[in-house]
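Breakdown of the fold
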Amino acid sequence: MLNWKSLGFGIALAIVMFFMFMFNASSLAILSFIIAPLVGTYILGGELKMAAIYGAAISFFGSIISIVLYSALISYFSKTAIPLGLNVVTLIAVCVIYAVIGAVFGIAGAAIKNKLMEKQ
């Protein structure tokens, strides 16, 4: 059974943080795909296997939505168009890399919650 609360919160956090970092310090935009799975799987807790899946899903879908929205905004507000059709392979590769990073930090988020719950 999917935990939509942690998944939805993680994806929303990834998108918001991506735009926050992209418009202020674009080199830090990858932090959104590190922090969002960490927080999303902290909310989830439980098994590390499920945390890895949730972390990967948060980063993968968050990065797809963020990159497509960012490209649409840049194309709309500037005179240069960013063609997504030509860069689909690169877009998928980047999203897969973010998913791997998200899985690693998803495991870390669940492990942190599990450790904190053991102490109580």
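The structure under discussion appears in the preceding block.
Each chain has its residues counted from 1, following the order in which its sequence is written. Since the coordinates come from a predicted model, pLDDT governs what is reported: local features require at least 70, and pairs of side-chain atoms require 80 or more to be given and counted, while whole-chain, interface and lining totals use all residues. Calculation of side-chain values draws on the structure's entire complement of heavy atoms; hydrogens and water are dropped beforehand.

Side note on the overall build of the protein
Going by this rule: Only DSSP runs of H or I covering at least 4 residues are called helices, and only runs of E covering at least 2 are called strands; the numbering of each starts at the N terminus. Think of it in three bands: with a 1.4 Å probe and only protein chains considered, a residue is buried below 20% of the maximum accessible area for its type, exposed above 50%, and partly exposed in between. We call two residues in contact when some of their heavy atoms are within 4.5 Å.
Each helix and strand counted, the protein has four helices and zero strands in total. For the protein, the spread of C-alpha atoms along the principal axes amounts to about 55 × 25 × 25 Å. Burial statistics for the protein: of 120 residues in total, 33% are counted as buried. Put simply, 74% of the contacts in the protein that link residues at least 6 apart link residues at least 24 apart.

Some remarks on the side chain of threonine 41
What counts is decided by this rule: Polar contact is the term for a pair of N or O atoms within 3.5 Å; when the atoms are in protein, one must be able to donate a hydrogen and the other to accept it, and sequence-neighboring residues count only if both atoms are side-chain atoms.
Within the secondary structure, threonine 41 sits in helix α2 (residues 32-44). Residue threonine 41 is classed as buried on the basis of its relative accessible area of 0%. At 2.9 Å, the side chain of threonine 41 forms a polar contact with the backbone oxygen of glycine 106. Setting aside residues no more than four positions away along its own chain, threonine 41 makes contact with Ala51, Tyr54, Gly55, Phe105, Gly106, Gly109 and Ala110.

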